[in-house]
Structures are given as C-alpha cells and as structure tokens.
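In case you want the letters, here they are:
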Amino acid sequence: MDEDECLDRYGLHPAGVGLDEVRGLLGEQIRMERQAQGRGDTELMKLCCVQLFNAGSLDDVLLIWEAKSASMDAACSIDIQLMCGGGLARTKAHLLSQPLPEAEAALQRLLDCEKAGDFEDFSVEGQSAQYAAYYTP
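Residues numbered from 1 in each chain as written. Predicted model: local features only at pLDDT ≥ 70, side-chain atom pairs only at ≥ 80, totals over all residues. Heavy atoms only, no water.

Engineer: Go over a negative patch on the surface, please, and point to the residues and values.
Structural biologist: Taken together, the side chains of D2, D4, E5 and D8 make up a negatively charged region of the molecular surface. Classification of D4 by relative accessible area gives exposed; the value is 54%. (Patch = residues over 30% accessible without salt bridge, like charges linked within 9 Å, V, L, I, M, F, W, Y side chains within 5 Å. Areas by Shrake-Rupley, 256 points an atom, 1.4 Å probe, with all protein chains shown as cover. Salt bridge = Lys/Arg side-chain N within 4 Å of Asp/Glu carboxyl O. Lys, Arg positive; Asp, Glu negative; His and termini not counted. Charge placed at Lys NZ, Arg CZ, Asp CG, Glu CD. Buried < 20%, exposed > 50% of the residue type's maximum accessible area, 1.4 Å probe, protein only.)

Engineer: Explain the nonpolar core to me, and be specific about the residues and the numbers.
Structural biologist: Among the nonpolar cores identified, the biggest contains 42 residues, and L26, M83 and L95 are the most heavily contacted of them. Looking at this core, the elements that each hand over two or more residues are α1 (3–10), α2 (17–35), α3 (42–55), α4 (61–68), α6 (88–97), α7 (101–115) and α8 (124–135). Among the elements that take part in this core, α3 stands out by supplying eight residues, more than any other. Not counting the four nearest positions on each side in its chain, L26 is found in contact with M45, C48, C49, L52, L63 and A67. (Core = buried A, V, L, I, M, F, W, Y, C linked by side-chain atoms within 4.5 Å. Helix = DSSP H or I, 4+ residues; strand = E, 2+ residues; numbered from the N terminus. Contact = heavy atoms within 4.5 Å.)

Engineer: Mind laying out the side chain of T91, listing which residues take part and the relevant values?
Structural biologist: Within the secondary structure, T91 sits in helix α6. Within the structure, T91 has its side chain in polar contact with the backbone oxygen of G87 (distance 2.7 Å). Apart from residues no more than four positions distant in its own chain, T91 is found in contact with L58, V61, M83, C84, G86 and L110. (Polar contact = N/O pair within 3.5 Å; in protein donor to acceptor, adjacent residues only side chain to side chain.)

Engineer: Requested: an account of the pattern of salt bridges, with residues and values cited.
Structural biologist: Within this structure, the stated rule accounts for five salt bridges. Note that D79 is salt-bridged to K46, the shortest N-O span being 4.0 Å. Of the two residues, D79 is situated in the loop between α5 (72–77) and α6 and K46 in helix α3; the sequence distance between them amounts to 33 residues. Since its relative accessible area comes to 25%, D79 is described here as partly exposed. Classification of K46 by relative accessible area gives buried; the value is 13%.

In structure tokens, the structure reads:
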C-alpha cells in the first residue's frame, strides 16, 4: 500500500478497525526501514503518524516515536509534533510515567524541541488543520 491508497482507504481520521490497520501498516514500514534506510516508505509512515495523531491516543506515542527514530530519513519526514495528538502536556506526562528507555529518549527529544521553540503556538487542532491542508488540496 502506498500513501495515496492509505489516504483513500482510511482518510485522515480513521476509527475502529481502521486505526488498528494503520498501526499494523506503520509497524510493517518501521521494520522495513530499520532493515535498510529507504526500504520503508517514509511518506507512508508520516501519513500513518498523522492518522494516529488525529486519533489522539496516548497509546500511540511510542509507536510514532519508533517510526520517527527508525532512520535518518524517517526522523526528517516525521514531525516531532505528531507524537502529541493527545496534547503536549499529556504526552510529556505519559512519557514520564513509562519506565522504558525509549520513553525517556522520546521525552528528552520533546523537551529539547520545546526549548528550541518547535512547540510555540502548538495546538492539536491547529496541527491537524495544517495536515488536512497538506493532504487534501
């Protein structure tokens, strides 16, 4: 499945089984990208992360972080803000509560990006609207 097929099938706001399928698709792309940079489709990965961002579940934060950290290309393609579909404060609190090294790394990156101004004027609604404008011409 490519980016266009994924967008046609699930839209920007998938629900129910569609969300589970998006998670599975993202996991598959992460595995391929980790095997060799460029093997996974980073544009498809970004779209999956946008779809998960729009769902706003804190349970997806580490999956999105895993996608972002899959390779240098993925890190550049997947915006750090995509981890925060449940809100910045709630995402930081969620990561802080997770006793996992990847949660600590994700939290540190969020804090560094916040300090650098990457979350200035951030809102879930505003970010969602930007992605809607990008994906639906």
